[in-house]
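# Fold and contact review
Chain residues, written in single-letter form:
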Amino acid sequence: MQSVVIDRFGEPADVVHAAERPLPTPGPGEARVRMLLSPIHNHDLAIVRGVYGYKPALPAVPGTEALGVVEALGEGVQGLRVGQRVATASAQAAWAECFVSPAAKLVPVPDALPDEAACQLLAMPLSALMLLEDMKLQPGQWIVQNAANGAVGKVLAALAAARGIGVVNLVRRESALADLAAAGIAHGVSTDTTGWQDRAKAAAGGAPIVRAIDSIGGESAQQVMTLLAENGELISFGSLTFKPLLIGADQLIFKQAVVRGYWASKRLAATPPAELARMIGELARLAAGGVLKLPVGGVFGLDEAPAAMAAAEHVGRSGKVLLRGSR
């Protein structure tokens, strides 16, 4: 079968290539899935670069989220059937025509959900929903996030609005505000223009901003920290710059602020099955109803992997870049 392979860590467009690999055989409790579509996430790119929370043994097939069709079942698997459409956000080696997954980590997908939405339903939307619920906010409260025009940022803004929670949505380019507006996301503020802090505070109507979410790192952490209210909390959710957080001691001390990290993979692993099913069901309903928008910025074959990596890192892309499994 055809796969996307890396033999070394490095810049994704430089190190990925298509290669033939053996068709995997599912073991007990596993299923083999014929991959239909798989999104390219920032954490996938970090894995390829070798800077994520774990490094796969080389050579490796990347890819963590995918939609596919069950092709074969290992011994003892119940609750799945061959031919069933399923999704997973806990895959390994998903960028291939087929991959093997623990059956318990495969989620049946409703027929009403198109492939292009179903393939990206779990990782980013589920991470955003878990984060939103873990912040334990009440309707009427306000938060601020940067990288608001990213996949998680857009989903978080939509989910928060549905719960009556206000979000100040920071972007790094004035042109990105049009992207937010097109997605129906309000309270966008660009940090590349003078006076953005005043506009951010005005967007919240002067209400205290009780949580700040940083997905960029570096000096961007200080930017969101300046908007945080006393006794607020800054959550480090991602690091687009791969730079250490730069936060002034005065912000921490005089605001008595708390800084903590959030790795959705750890949260997902600790989530009871019933709670996970509830959250996935909510996301599926919102996506099917058009409330949760999951746009696509391009679809590439496995043999076009270098071009797909470049497209995924293109600034200002309109949606998630996908890899197509079938030849």
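Not measured: the values here are computed from a predicted model. (Residues numbered from 1 in each chain as written. Predicted model: local features only at pLDDT ≥ 70, side-chain atom pairs only at ≥ 80, totals over all residues. Heavy atoms only, no water.)

### Notes on the sheet that holds strand β8 (residues 142–145)
Across the sheet, 6 strands lie side by side as β10-β9-β8-β11-β12-β13; this open sheet has parallel pairing. Each end of this open sheet is capped by a strand with a single partner; those strands are β10 (188–190) and β13 (258–261). Neighbouring strand axes in the sheet, compared pairwise and without regard to direction, differ in orientation by 20 degrees on average. Direction of pairing for strand β9 (residues 166–171) relative to β10: parallel, over a ladder of 3 bridges. Residue pairing for β10: Leu170 is matched across the bridge by Val189. Across the sheet, helix α8 (residues 220–227) touches β8, β9, β11 (209–214), β12 (233–236) and β13, and the angle it forms with β11 is around 170 degrees. (Pairing = 2+ DSSP bridges. Helix = DSSP H or I, 4+ residues; strand = E, 2+ residues; numbered from the N terminus. Axes fitted to C-alpha atoms, helices over the stretch in contact; angles between N-to-C directions. Contact = heavy atoms within 4.5 Å.)

### Quick word on the pairing of strand β15 (residues 320–324)
The element β15 is extensively covered by neighbouring structure, given that 4 of its 5 residues are classed as buried. Strand direction decides the pairing type here: strand β3 (residues 30–39) and β15, joined by 3 bridges, are antiparallel. Bridged to Ser38 within β15 is Leu323. As paired strands, strand β14 (residues 296–301) and β15 are joined by 5 bridges and run parallel to one another. When the bridges of β15 are listed, Phe300 appears paired with Leu323. (Buried < 20%, exposed > 50% of the residue type's maximum accessible area, 1.4 Å probe, protein only.)

### Description of the packing of aromatic side chains
The full count for this structure, using the stated rule, is 3 aromatic pairs. An angle of 25 degrees between the planes, with centres 6.1 Å apart, marks the rings of Phe237 and Tyr262 as stacked. Of this pair, Phe237 sits in the loop between β12 and α9 (249–255) while Tyr262 sits in the loop between β13 and α10 (264–269), and the two are 25 residues apart along the sequence. Its relative accessible area of 18% is what places Phe237 among the buried residues. Cluster of aromatic residues (ring-pair linked, three or more members): Tyr52, Tyr54 and Trp263. (Phe/Tyr/Trp six-rings, centres within 6.5 Å; stacked < 30°, edge-to-face > 60°.)

### Points about the nonpolar core
If you look at the biggest cluster of nonpolar residues, it comprises 46 residues, and the most contacted ones within it are Leu121, Leu132, Met135, Leu159 and Leu292. Elements represented by at least two residues in this core include exactly β3, β4 (66–73), α3 (115–118), α4 (123–134), α5 (151–162), β11 and α11 (273–288). By residue number, the principal contributor to this core is α4, which donates 8 residues. Setting aside its immediate chain neighbours within four residues, Leu292 contacts Leu121, Pro125, Val155, Leu283, Leu286 and Ala287. (Core = buried A, V, L, I, M, F, W, Y, C linked by side-chain atoms within 4.5 Å.)

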